[in-house]
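Survey of secondary and tertiary structure
Residues per chain, in single letters:
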Amino acid sequence: MGPSSAAFTLMRKEKTGLGWIEWIQGWYRLTYETLFQKINARNLHDPLPLPPLNGQTCIVTGATSGIGLEIARQLANSGAHLVMAVRNTNLAHQIIQKWQRNEPDSSPLSIDVLELDLLSLKSVVKFAQEWNSRSKPLHGLINNAGIYSIGQPQKISKDGYETHLQVNHLGPALLSVLLLPSLKRGAPSRIVNVNSLLHTVGFVDSQDMNFITKKNKFLSRKAYSNSKLAQIMFSSMFQKYIPTDAGIYTLCVEPGAVRTNVTRDLPRILNILYQKMFFFMFDAQQGSRSALFAATDVDILKYCDKLKAEEWPVCAFIGCHCKPTNPSKEAHNVETCYQVWEKTLEMVGLSTDVVDMIFQGKEIHCRYGTDKDQ
């Protein structure tokens, strides 16, 4: 007698991560939305008009290139106090000087530059400690920095984690938790995670997020999509545990397919095919719109409150057309979301009740350092 249908489904899922139907649906959605993203976003202005942001403070990670550079520039030009959280601080200062030279008659931009390396969890803790120690309100944290090492072999950070997982998920998750004290001061405030539609073909094995077993063969595409799915799952749990009256909102955004230099390591023929897709793709300014919308639109917070009132999901997902949409079906897997929440906090060295502790004003401890609720 062969295995039962339930047993067969389980074996198939273990083999491929996602079931075949979900996997095909994910690729169909990814292809369709990439090919038609410009049509679906045709009503958006380019650049996206922003309200005056004077008095608002926003931290943007990865603010020296690509989408992050555009997000940072437009926030600063709209009057926000911008904090560029970057690895290369010299480059950030050069960019600021260039911005100011291009607008010589405008008021000086209000910008700070602080070092942040998401490949080092100690750097994340140090950054959060330094910002929290200023006892200033934070109105927006935009977790933009990310990596996609197409076609590259598996790499492990000095903290012992697969690099896509650490840069795209673990680092931003730790930063978001540790900055809660400052986000409380700035309420209503927002955490905006720049995600990807590639999460639709992702699958998170909470017991093997690091790809260290033979059960889950490492591929750069798989590592990237899995890390983005883990970010959505963690964000939903994060929003669930943040008190309703705290005025802190967590949103994930999909910027669309954006032209970048991500294919520089691909074989020549694949790189040429990728370049052919440029007709359908956004430039960085267009790709920044969904994050800027999530960070500044007033009405979207009503939608977030509505999601919070429902049992699931609890994290808003904004498409590249700057409208709420649904993440993948797998992102709604409640059991896996709880597992990802607990496993993520374990990996970054925090206790599972860390959010409650912060809102109770208690000191929290992280094995990568200590952060106090200032």
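Data block above holds the structure.
To keep things clear, this report deals only with the structure shown in the data block. Within any chain, residue numbers begin from 1 and follow the written order of that chain's sequence. Where local features are concerned, this predicted model is filtered to residues with pLDDT of at least 70; where side-chain atom pairs are given and counted, the filter is 80 or more; whole-chain, interface and lining totals use all residues. The side-chain numbers reported here are obtained from all heavy atoms of the structure, hydrogens and water having been left aside.

Take the sheet that holds strand β2 (residues 81-86) next. Two strands qualify as a pair provided DSSP detects at least 2 bridges between them. Numbering of helices and strands runs from the N terminus; a helix is a DSSP stretch of H or I covering at least four residues, while a strand is a stretch of E covering at least two. Read across the sheet, 7 strands follow the order β3-β2-β1-β4-β5-β6-β7 without closing on themselves; strand pairing throughout is parallel. If you trace the sheet from one side to the other, it starts and ends with β3 (111-115) and β7 (316-318), each paired once. Going from strand to strand, the sheet's axes swing by 20 degrees on average, the running direction of each strand aside. As paired elements, strand β4 (residues 140-143) and strand β5 (residues 189-194) share 4 bridges and run parallel to each other. Residue Asn143 lies in a different strand from β5, and its bridge partner there is Asn193. In what follows, a contact means two residues having at least one pair of non-hydrogen atoms within 4.5 Å. To define axes, lines are fitted to C-alpha atoms, for helices over the stretch in contact only, and angles between the resulting N-to-C directions are given on a 0 to 180 degree scale. Sitting on the sheet, helix α7 (residues 163-178) touches β1 (57-61), β4 and β5, and the angle it makes with β4 is about 170 degrees. Together, β5, β6 (248-253) and β7 form the strand contacts of helix α9 (residues 220-241), whose direction differs from that of β6 by roughly 160 degrees.

Below, the discussion takes up the side chain of Asn210. Inspection of the secondary structure assignment puts Asn210 in the loop between β5 and α9. Throughout this description, a polar contact denotes any pair of N or O atoms lying within 3.5 Å of each other; where both atoms belong to protein, one of them has to be capable of donating a hydrogen while the other can accept it, and for residues adjacent in sequence the pair is counted only when both atoms sit in side chains. Of note is the side chain of Asn210, whose polar atom sits 2.6 Å from the backbone nitrogen of Glu162. Apart from the residues lying within four places of it in its own chain, the contact partners of Asn210 are Gln154, Gly160, Tyr161, Glu162 and Leu165.

Trans is the prevailing form of peptide bonds, just as negative phi is the prevailing case for residues other than glycine. Put simply, Asp46 and Pro47 share a cis peptide bond, and its omega is 5 degrees. In this fold, Pro47 is placed in the loop between α3 (37-40) and β1. A positive phi is found at Phe211, a non-glycine position, where the angle reads about 55 degrees. Among the secondary structure elements, Phe211 is positioned in the loop between β5 and α9. Its identity is not glycine, yet Cys322 carries a phi of approximately 65 degrees, on the positive side. Positionally, Cys322 belongs in the loop between β7 and α14 (334-347). The buried label applies to any residue whose accessible area, calculated with a 1.4 Å probe on protein chains only, is under 20% of its type's maximum; exposed applies above 50%, and partly exposed to all values in between. When its relative accessible area of 7% is taken as the criterion, Cys322 is described as buried.

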